[in-house]
Amino acid sequence: MDAFQGLMSGFQVAFSLEGVLFVFIGVFVGTFIGMMPGLGPISAIAIMIPITYSMDPTVALVMMAGVYYGAIFGGSSSSILLNAPGVAGTVATAFDGYPMAQQGKAGKALAIAAIASFTGGTVSVILLMLFTPILSAVAVSFGPAEYFALMFLGLTAISSLSDGSTIKAFISATLGFIVVTIGIDSQTGTSRFTFGNPNLLEGIDFLVIALGLFALAEVSTLVLNRKDNSMSDNKEIGSLRLSKEDVKEMSGPMTRQSFLGFLIGVLPGAGATIASFIAYITEKKLAKKPEEFGKGSIKGLAAPETANNAATGGAFVPLLSLGIPGSGTTAVLLGAFLVLGVQPGPLLIQDRPEVFWGIIASMYIGNIFLLILNLPLIPYIARVLRIPRPLLISLVIIFSLIGVYAISLNTFDLYMLVAFGIIGFLMRMFSFPAAPFILAFILGGMMEQAFRQTLTISNGSLAIFMDKPIALTLIIVSLLTILFPMFTGRKKFNTKNDAGKPL
Amino acid sequence: MLSRINQKIAVILAILAGFYLLLSFNLPKYPNAIIDADVVPKGLGLLLLFFAVLLYFDKKEETEAEKLKRTITKENVLLLVAVLVFILIYIFLLEIIGFLIMTALFIFGCSLFLGYRKHVTNAIVSVVFSLVIYGLFNYLLKINLPAGIIPL
């Protein structure tokens, strides 16, 4: 099936009544959850997974994609209105968005953010549509050695690019990998680290990890900050209207950052957060009046907003074409795919074209919905931020508990969920990033399998990695990403915000 | 200067790695496998040990923001523990009392405890939310949440 036909059939899925409805629900819920300071796309996706259990996989995944970019989008609204980014990817949005809101131009800021996001999102979907089939075609020839090397690269990249200490990020990744070794080994049937507990034989469900490490840990942060009253601020948001000059000023950054953001999103480890910071920095360097940045510059707002949405589209490339997530968020999204019995990877386009093209087509529609949601409905959506925190905390806790109970139907997993919630909280307290943990947990099982298959082919000799040029190159690149930050003490992005986390 | 907190964490991680390695070395052998089930765990255990040692000798000082993040007032610790106890009671009684009653009680009680004072709104939200979720899962998604003592 060629791309055009595929896209047309995708639009058929996306334009069906069900498709449109669930894209809308996904985008709406994503925006809603993304706006809550502290709750990011990982929690949003994890909370929504139980609802998809009995749904048609295509429709469910179309909705999940909507939740993802909706959450990134929603984060920008709370960045602008409250200077409280819901998502790390929108921290840079607050640099110029919040000053603008303080000048009484919140409406204008939100309009700029909406248009910039729409542009970044749409351009990246077009690029995604063009790139993914090509990459899939290349990846079809990949054997276990290449897959192992690719996943290794994804893991080392996200660890060395995450916030804070690189050593801590690697420890976090190793721990995630260790947790996934619990349960019956798929190749020999040996039960590992189960302590004779039958509940552990199938391993720990990824939803337990995702909801515990993210949603519950985020809840404890909300408990600590519950007295923050910024949410009840009753501010006028002002007019949404943009002048011709405004649009002209936005067009430069929007064009450049759509492409740059997409490329950064495709890279493993880098994602919306890094894309938005790089966008902000490059536009500041390119600007004729860099001194305006940080004081409500239109360019300073349009650039990160374009880039973070473009990166969101870019992150789908490795996920859909290789089946390998490049970030914590796409790792959880991969979990959602697997729950629904869809295996993303090079064969997805051939085997499940309706899923592949349905997701892509729905992203076009989703971007339009986001524009509709964020422009005229903004004054109403902003009221969401006034939900009292005690109530919000209780509801998120219950959502997490139900989500886990619905897959396992026993309370053992609920105790595990609480345990991982505590681990997640401690990790936050001691500045261990959680994204490498979840990515390692998702990739770990696949990596171990690929690694052992490779070595079985070579009869136990590691030299097989030397004979495969693609695998060797990827492993060398991974080793460089490990060694480089460790020994140069390179300065990392300082997101200046504790609410955010690397995506 | 050595950042002492990281050294403490490193020691805990090293103990964890040691325990994990011990278990890995005691995994049963499977004679026909070229790469047996214990290879990867052994590697991971050593890796964790290696990183723990690196963390112990890491000279990087804690930033102010990091220090701030781990200072929690006593009041807040008690609050978190209380919420934790609520959750544990909820899990313990979920299958005995049932989803509807426990969920409504949890939402009402937890919100009240955390300082939500609009009792009527709280009561309405907790009851309606529980009913909607129960209906959604049991009738729409066909996933049976525990009915407990209510015969629904």
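Since this is a predicted model, take the numbers as computed values, not measurements. (Residues numbered from 1 in each chain as written. Chains lettered and ligands numbered in written order. Predicted model: local features only at pLDDT ≥ 70, side-chain atom pairs only at ≥ 80, totals over all residues. Heavy atoms only, no water.)

Asker: How should I be thinking about the overall build of chain B in this particular structure?
Answerer: When helices and strands are tallied, chain B shows six helices and zero strands. Listed N to C, the secondary structure of chain B is α-α-α-α-α-α in terms of helices and strands. Relative to the globule expectation of 15 Å for 152 residues, the C-alpha radius of gyration of chain B, 24 Å, shows a markedly less compact shape. The proportion of buried residues among the 152 residues of chain B is 40%. For chain B, the share of sequence-separated contacts (at least 6 apart) that also reach a separation of at least 24 residues comes to 57%. As presented, chain B carries roughly 8800 Å² of accessible surface, and 74% of it is formed by carbon and sulfur atoms. Side chains of chain B give 13 positive and 9 negative charges; the mean places of these two sets differ by 5 Å. (Helix = DSSP H or I, 4+ residues; strand = E, 2+ residues; numbered from the N terminus. Rg over C-alpha atoms; globule rule 2.2 N^0.38 Å. Buried < 20%, exposed > 50% of the residue type's maximum accessible area, 1.4 Å probe, protein only. Contact = heavy atoms within 4.5 Å. Areas by Shrake-Rupley, 256 points an atom, 1.4 Å probe, with all protein chains shown as cover. Lys, Arg positive; Asp, Glu negative; His and termini not counted. Charge placed at Lys NZ, Arg CZ, Asp CG, Glu CD.)

Asker: Before we go on, may I ask you to explain the overall build of chain A in this structure?
Answerer: For chain A, the helix and strand inventory stands at 20 helices and two strands. The C-alpha radius of gyration of chain A comes to 22 Å, within 12% of the 23 Å expected for a compact globule of 503 residues. By its C-alpha atoms, chain A is 70 × 55 × 45 Å across when sized along the principal axes. Counting the 503 residues in chain A, one finds 64% classified as buried. The long-range share in chain A, meaning contacts at least 24 apart out of those at least 6 apart in sequence, stands at 80%. Carbon and sulfur atoms make up 66% of the accessible area of chain A, which totals about 17500 Å².

Asker: How should the interface of chain B and chain A be read in this particular structure?
Answerer: Accessible area lost on assembly of the parts is the figure often given for the size of an interface. Each partner contributes to the interface: chain B provides 65 residues, whereas chain A provides 61 residues. Taken together, both faces of the contact between chain B and chain A bury some 5700 Å²; the carbon and sulfur share is 80%. Here chain B is connected to chain A by zero salt bridges. In this structure, the connection of chain B to chain A is made through five residue pairs in polar contact (both at pLDDT 80 or more). Counting residues per element, the side of chain B that touches chain A draws most heavily on helix α4 (residues 74-97) of chain B, at 13 residues. (Buried area = accessible area lost by both parts, 1.4 Å probe. Salt bridge = Lys/Arg side-chain N within 4 Å of Asp/Glu carboxyl O. Polar contact = N/O pair within 3.5 Å; in protein donor to acceptor, adjacent residues only side chain to side chain.)

Asker: How should the nonpolar core be read in this particular structure?
Answerer: One broad rule of soluble globular proteins: the nonpolar side chains tend to lie buried together. Residues and elements named next belong to chain A. In this structure, F316 and I359 are the most contacted members of the largest nonpolar core, which totals 188 residues. Ignoring anything within four residues of it in the chain, the contact list for I359 reads L61, V62, A65, F316, L320 and F337. If you look at the next biggest cluster of nonpolar residues, it comprises 17 residues, including A109, M254, I298 and A302. (Core = buried A, V, L, I, M, F, W, Y, C linked by side-chain atoms within 4.5 Å.)

Asker: Would you mind going over the confidence of the model for chain A with me for this structure?
Answerer: Residues and elements named next belong to chain A. Of the residues in chain A, 91% reach a pLDDT of 70 or more, and the chain-wide mean stands at 83. Mean pLDDT values over the elements of chain A span from 70, in helix α15 (residues 378-381), up to 93, in helix α17 (residues 411-429). Considering only residues more than four positions removed or in separate chains, one finds that residues 490-503, a stretch of pLDDT under 50, has 46 contacts. (pLDDT = per-residue confidence, 0-100.)

Asker: Help me out: how do you make sense of the side chain of S43(A) in this one?
Answerer: All names here are of chain A. Of note, S43 is situated in helix α3 (residues 41-48). With relative accessibility at 0%, the residue S43 sits in the buried group. In contact with S43, other than residues within four places in its own chain, are F214, A215 and E218.

Asker: What is the right way to read a nonpolar patch on the surface from this model?
Answerer: Residue and element names in this part refer to chain B. Taken together, the side chains of V11, I15, V53, Y56 and F57 present a nonpolar region at the surface, about 480 Å² in accessible area. Listing elements by their share of the nonpolar patch, those giving two or more residues are α1 (4-25) and α2 (39-57). With three residues, the single largest contributor to the nonpolar patch is α2. Tracing the backbone through its elements, the reader meets Y56 in helix α2. (Patch = residues over 30% accessible without salt bridge, like charges linked within 9 Å, V, L, I, M, F, W, Y side chains within 5 Å.)

Asker: Looking at this model, I keep getting lost on the confidence of the model for chain B. Mind explaining?
Answerer: Low pLDDT means the predicted atomic positions in that stretch should not be read closely. Residues and elements named next belong to chain B. The pLDDT averaged across chain B works out to 87; a share of 97% of its residues lies at or above 70. For chain B, helix α3 (residues 64-69) is the element with the lowest average pLDDT, namely 75, and helix α5 (residues 99-113) is the one with the highest, namely 94. Across the assembled chains, the prediction reports ipTM 0.92 with pTM 0.83.

Asker: Can you help me understand α2(B) in this one?
Answerer: Turn by turn, an α-helix covers 3.6 residues, leaving residues three or four places apart pointing in a common direction. With 19 residues, α2(B) extends 28 Å between its outermost C-alpha atoms, agreeing within 8% with the 27 Å of an ideal straight helix rising 1.5 Å per residue. Turning to α2(B), its buried residues are V40(B), P41(B), K42(B), L44(B), G45(B), L48(B), F51(B), A52(B) and L55(B). (Expected span 1.5 Å × (residues − 1).)

Asker: Mind showing me how you'd approach the packing of helix α11 (residues 298-322) of chain A against helix α14 (residues 353-374) of chain A here?
Answerer: Packed helix pairs are characterised by how far apart their axes lie and by the angle those axes make with each other. Residues and elements named next belong to chain A. In contact at an axis separation of 13 Å, α11 and α14 are set at 180° when each is read in the N-to-C sense. One way to sum up the angle between α11 and α14 is to call them roughly antiparallel. Note on element contacts: α14 touches α11 through F356, I359 and M363, opposite G313, F316 and L320. In terms of residue class, the contact of α11 with α14 is made up of five nonpolar, one polar and no charged. (Axes fitted to C-alpha atoms, helices over the stretch in contact; angles between N-to-C directions. Parallel < 35°, antiparallel > 145°, perpendicular 65-115°, else oblique. Nonpolar A, V, L, I, M, F, W, Y, C, P; charged D, E, K, R; others polar.)

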